[in-house]
Amino acid sequence: MRNISLILKQISRLLVIVVCFAAAGNTAYAQDPAKGEALFKSSNCGSCHKIDVRMTGPALGPTIASEPDEAYLIKWIQNNQALIAAKNPKALTIYNEYNQSQMSVFTNLSDQDVKDILGYVKAQWKTIEDAKKAVPAGAAGAAAADSGPSNVMVFGLIGVIVIAFLIILVLNRVIGTLERLLLQKQGILPEDLEEDETGKPKVDRLATVKILAKNKKFVFFVVLCSVIGFGSWTWVTLWNTNVHQGYQPVQPIKYSHQLHAGAMKIDCQYCHSGAYKGKNASIPSLNICMNCHKVVKTESPEIQKIYNALGYDPQTQKYDSTKSRPIQLLIFNR
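1. Focus: the packing of aromatic side chains
Here is step 1: In this structure the tally under the stated criterion is 4 aromatic pairs.
Here is step 2: When the centroid spacing of 5.3 Å and the interplanar angle of 55° are considered together, the rings of Phe 40 and Tyr 120 count as tilted. Residue Phe 40 is found in helix α2 (residues 33–42), and its partner Tyr 120 is found in helix α6 (residues 111–133); the two are separated by 80 residues along the sequence.
Here is step 3: Given the relative accessible area of 8%, Phe 40 is considered buried.
Here is step 4: Pairing Phe 230 with Trp 233 gives two aromatic rings, centres 6.0 Å apart and planes at 35°, and the pair type is tilted. With Phe 230 and Trp 233 both in helix α10 (residues 216–240) and 3 residues apart, the pair spans about one turn of that helix. A single burial state applies to Phe 230 and to Trp 233, both of which are exposed.

2. A closer look at a nonpolar patch on the surface
Here is step 1: Together, Phe 155, Ile 158, Val 162, Phe 165, Leu 166 and Leu 169 give the surface a local cluster of nonpolar side chains, amounting to about 600 Å² of exposed area.
Here is step 2: Mapped onto the secondary structure, Ile 158 falls in helix α8 (residues 151–185).

3. Quick word on the layout of surface pockets
Here is step 1: As a volume, the second largest pocket reaches approximately 700 Å³.
Here is step 2: Lining the second largest pocket are 32 residues; nearest its centre among them are His 49, Pro 58, Trp 76, Ile 94 and Met 103.
Here is step 3: Looking at the lining of the second largest pocket, the element that brings in the most residues is helix α5 (residues 89–97), giving 5 residues.

4. Concerning the confidence of the model for the protein
Here is step 1: Looking at the protein as a whole, its pLDDT mean stands at 76, while 74% of the residues score no less than 70.
Here is step 2: The secondary-structure element of the protein with the lowest mean pLDDT is helix α7 (residues 139–145), recorded at 45, while helix α4 (residues 70–85) shows the highest, at 91.
Here is step 3: Of the regions scoring below 50 in pLDDT, residues 21–28 engages in 1 contact with residues more than four places distant in sequence or in other chains.
Here is step 4: Low pLDDT, under 50, characterises residues 137–147; the stretch is placed with 4 contacts to residues that sit more than four places away or in other chains.

5. A look at the pattern of salt bridges
Here is step 1: Counted by the stated rule, this structure contains 5 salt bridges.
Here is step 2: In this structure, Glu 37 engages Lys 41 in a salt bridge whose closest nitrogen and oxygen atoms are separated by 3.1 Å. With Glu 37 and Lys 41 both in helix α2, this residue pair falls 4 residues apart, about one helical turn.
Here is step 3: Note that Asp 130 and Lys 126 form a salt bridge whose closest N and O atoms lie 3.0 Å from each other. One end of the pair, Asp 130, and the other, Lys 126, are both in helix α6, 4 residues apart, so they sit about a helical turn from each other.

6. Some remarks on the state of the cysteines
Here is step 1: Scanning the model with the defined rule gives 0 disulfides in all.
Here is step 2: No disulfide involves Cys 268; its sulfur sits 8.6 Å from the nearest other cysteine sulfur, which is in Cys 271.

7. Structural notes on the side chain of Asn 80
Here is step 1: By the secondary structure assignment, Asn 80 is in helix α4.
Here is step 2: Separated by 3.2 Å, the side chain of Asn 80 and the backbone oxygen of Met 103 make a polar contact.
Here is step 3: For Asn 80, the residues in contact, after removing those within four places along its chain, are Lys 75, Met 103, Ser 104 and Val 105.

8. A closer look at the side chain of His 49
Here is step 1: Tracing the backbone shows His 49 in the loop between α2 and α3 (60–65).
Here is step 2: A polar side-chain atom of His 49 sits 3.1 Å from the main-chain carbonyl oxygen of Pro 58.

9. A short note on the packing of α2 against α6
Here is step 1: Here α2 crosses α6 at 100°, and the two axes come no closer than 7 Å. Regarding the angle of α2 to α6, the classification is roughly perpendicular. Facing Pro 33, Lys 35, Gly 36, Glu 37, Leu 39 and Phe 40 of α2, the residues of α6 in contact are Asp 113, Asp 116, Ile 117, Gly 119, Tyr 120, Val 121 and Ala 123.
Here is step 2: Partitioned by chemical class, the residues of the contact of α2 with α6 number 7 nonpolar, 2 polar and 4 charged.

Here is what the cut-offs are and how they apply
- Residues numbered from 1 in each chain as written.
- Predicted model: local features only at pLDDT ≥ 70, side-chain atom pairs only at ≥ 80, totals over all residues.
- Heavy atoms only, no water.
- Phe/Tyr/Trp six-rings, centres within 6.5 Å; stacked < 30°, edge-to-face > 60°.
- Helix = DSSP H or I, 4+ residues; strand = E, 2+ residues; numbered from the N terminus.
- Buried < 20%, exposed > 50% of the residue type's maximum accessible area, 1.4 Å probe, protein only.
- Patch = residues over 30% accessible without salt bridge, like charges linked within 9 Å, V, L, I, M, F, W, Y side chains within 5 Å.
- Areas by Shrake-Rupley, 256 points an atom, 1.4 Å probe, with all protein chains shown as cover.
- Salt bridge = Lys/Arg side-chain N within 4 Å of Asp/Glu carboxyl O.
- 1 Å grid on protein atoms, 1.4 Å probe; cavity = no way out; pocket = protein on both sides within 12 Å on 5 of 7 lines; lining within 4 Å.
- Points joined across faces, edges and corners; volume = space filled by probe spheres on them.
- pLDDT = per-residue confidence, 0-100.
- Contact = heavy atoms within 4.5 Å.
- Disulfide = S-S within 2.5 Å.
- Polar contact = N/O pair within 3.5 Å; in protein donor to acceptor, adjacent residues only side chain to side chain.
- Axes fitted to C-alpha atoms, helices over the stretch in contact; angles between N-to-C directions.
- Parallel < 35°, antiparallel > 145°, perpendicular 65-115°, else oblique.
- Nonpolar A, V, L, I, M, F, W, Y, C, P; charged D, E, K, R; others polar.

This is how it looks when you write it as structure tokens:
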């Protein structure tokens, strides 16, 4: 019995040791996004990469999320040049895709450091993806409310005006009938009326209008319909000319201030030299765009428009003024 007790104690100790080593191993190889963020910034990764935007290098979020081989990512980040020299297919593909631009090597980073950076990127990418999926309550309704005057409202106003016109016609007939009945009651027959030059009874064609003009309720109704009709026409006309809050004309090149000044945090004066001092912010030249877009999102159709306007050939990286074409931007007040 004593031997059995000793054996059980030894087994228990071994199990405790194994569990401790397993826990230590998991702790050692776990990804720490907080440390990864610090390493990401200290290694200056943000100068060439963004989480969700392609810059000098690829957008890290979707790239890392789509790569199942973590060991390859670690080797690539630590020494991508070694993988390229070894003719690694994945390394050569991305190397050629970015015009054989050489990425810095980070041999100073340990495997755990790289894993922490990967953990930070994955966490940031998940946050961005969740934000895209989350639609604020009432956002759809707000968009619909700003999409323009409702067709139901416009047709409703037209219907009111048509009904008002029909009411006027009916009232006109009723008033005419009442006038004839009144004349008959007074014993005045059509043949007793004053005749004109042709021998026909002389009729005052403005009699109905004069009677209606004396009716205050009718005058108020006509004025009200006129104001509603004119106001509706003015509103629809101004809306169709895009005189409303949030109006942005369709420019020949799509540009997002939310991306450049917001997400990328580019200072306003980098593009608009008169933003803080002048009455107008001024429109930047396309050469300012080229400071970044010689290497950033070169495959974008919108960036290709800039290249065409400047006569720039991204393959030779040279300008040809004979091929340049000016871009006509639409000016508007915000």
